[in-house]
Amino acid sequence: MLNIVLFGPPGAGKGTQSERLIEKYGLIHLSTGDIFRANIKGETELGVLAKSYIDKGQLVPDEVTINMLRSEVLNHKEAKGFIFDGFPRTNAQATALDQFLAELNTSISVMLALEVEENELKSRLTKRAEVSGRADDANPEVIANRIHVYNNETAPVKDFYQSQNKFVSIDGIGSIDEISTRLYTAIDNH
Ligand code: ADP
């Protein structure tokens, strides 16, 4: 199996690049943000809970997120591989991911980290708000909080994969095609 963690701060381009990668490599795309938003739209219990965190730019608690992701993975046991987009966002999530992939006799192949500096992120998210309709993109304070949470809780996950020799840094500035090519090269060379 080819299992990729696509990593990066909010607005780094994980969603856009995931679409390219699933097509090229035939992977199942699991985006925790998309799954939460589908639950919010469907007004499920999980959606109501997730919304109370997402609207403030906070992380949904690990236990909830891990259980949700685990059941998505176990629902796709026949997959050629997965692309994890927006997960793991904490070291506890990374540890749990290793555990449940081991249950399927597989593991993470590579973590690709899109690197984009903060001012560029803020401008991309503000622009995305005009089309996404996402409340968490429309409010500068919520954006700032998401970036803060990323720096404090999520960025350390890089070290988790670095210590397993799975971390690859990718320059996230350039055209969508240029960045896709960088990702393909990193995957094919791994
Ligand atoms: P972005 O990468 O632009 O922040 P996402 O769609 O990945 O957007 O995530 C939106 C929000 O969903 C996050 O700000 C967070 O509140 C919640 N979320 C997504 N993934 C996770 C996760 N792995 N753990 C906890 N919360 C998450």
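Preceding block: the structure.
To keep things clear, this report deals only with the structure shown in the data block.

Scoring rules and cut-offs
The numbering scheme is per chain: residues are counted from 1 as the chain's sequence reads. For this predicted model, a pLDDT threshold of at least 70 governs which residues receive local features, and a threshold of 80 or more governs which side-chain atom pairs are given and counted, while totals over whole chains, interfaces and linings are taken from all residues. Just so you know, side-chain values use all the structure's heavy atoms and leave hydrogens and water out. Whether two strands pair comes down to DSSP finding at least two bridges between them. What counts as a helix is a DSSP run of H or I of at least four residues, what counts as a strand is a run of E of at least two, and both are numbered from the N terminus. Inter-axis angles, ranging from 0 to 180 degrees, are taken between N-to-C directions of lines fitted to C-alpha atoms, where helices are fitted over the stretch in contact. Note on ring pairs: Phe, Tyr and Trp rings are taken, using the six-membered ring of Trp, and paired if centres are within 6.5 Å. Classes follow the plane angle, with under 30 degrees stacked, over 60 edge-to-face and the rest tilted. Think of it in three bands: with a 1.4 Å probe and only protein chains considered, a residue is buried below 20% of the maximum accessible area for its type, exposed above 50%, and partly exposed in between.

Here we look at the sheet that holds strand S2 (residues 28–31)
Sheets are built from strands paired through backbone hydrogen bonds, the pairs being either parallel or antiparallel.
Then comes step 1: The sheet built from five strands is open, its strands ordered S2-S3-S1-S4-S5 with parallel pairing. Two strands lie at the open edges of the sheet, namely S2 and strand S5 (167–171), each paired on one side alone. For this sheet, the mean inter-axis angle between neighbouring strands, taken without regard to orientation, is 20°.
Then comes step 2: As defined by bridge partners, strand S1 (residues 2–7) adjoins strand S3 (residues 81–85) across five bridges and the pair is classed as parallel.

Structural notes on the packing of aromatic side chains
Then comes step 1: Tallied over the full model, the rule gives four aromatic pairs.
Then comes step 2: Seen in terms of ring centroids, phenylalanine 7 and tyrosine 150 are 5.9 Å apart; in terms of plane orientation they differ by 45°. Their pairing is tilted. With phenylalanine 7 in strand S1 and tyrosine 150 in helix H8 (residues 140–154), this residue pair connects regions lying 143 residues apart in the sequence.
Then comes step 3: In this structure phenylalanine 7 comes out as buried when scored by relative accessible area, which is 3%.
Then comes step 4: Among the residues examined, tyrosine 150 registers a relative accessible area of 9% and is labelled buried.
Then comes step 5: A centroid spacing of 6.2 Å and a plane angle of 65° characterise the contact between tyrosine 25 and tyrosine 184, whose relative ring orientation is edge-to-face. With tyrosine 25 in helix H1 (residues 14–25) and tyrosine 184 in helix H10 (residues 176–188), the pair connects residues that are 159 residues apart, well separated along the chain.

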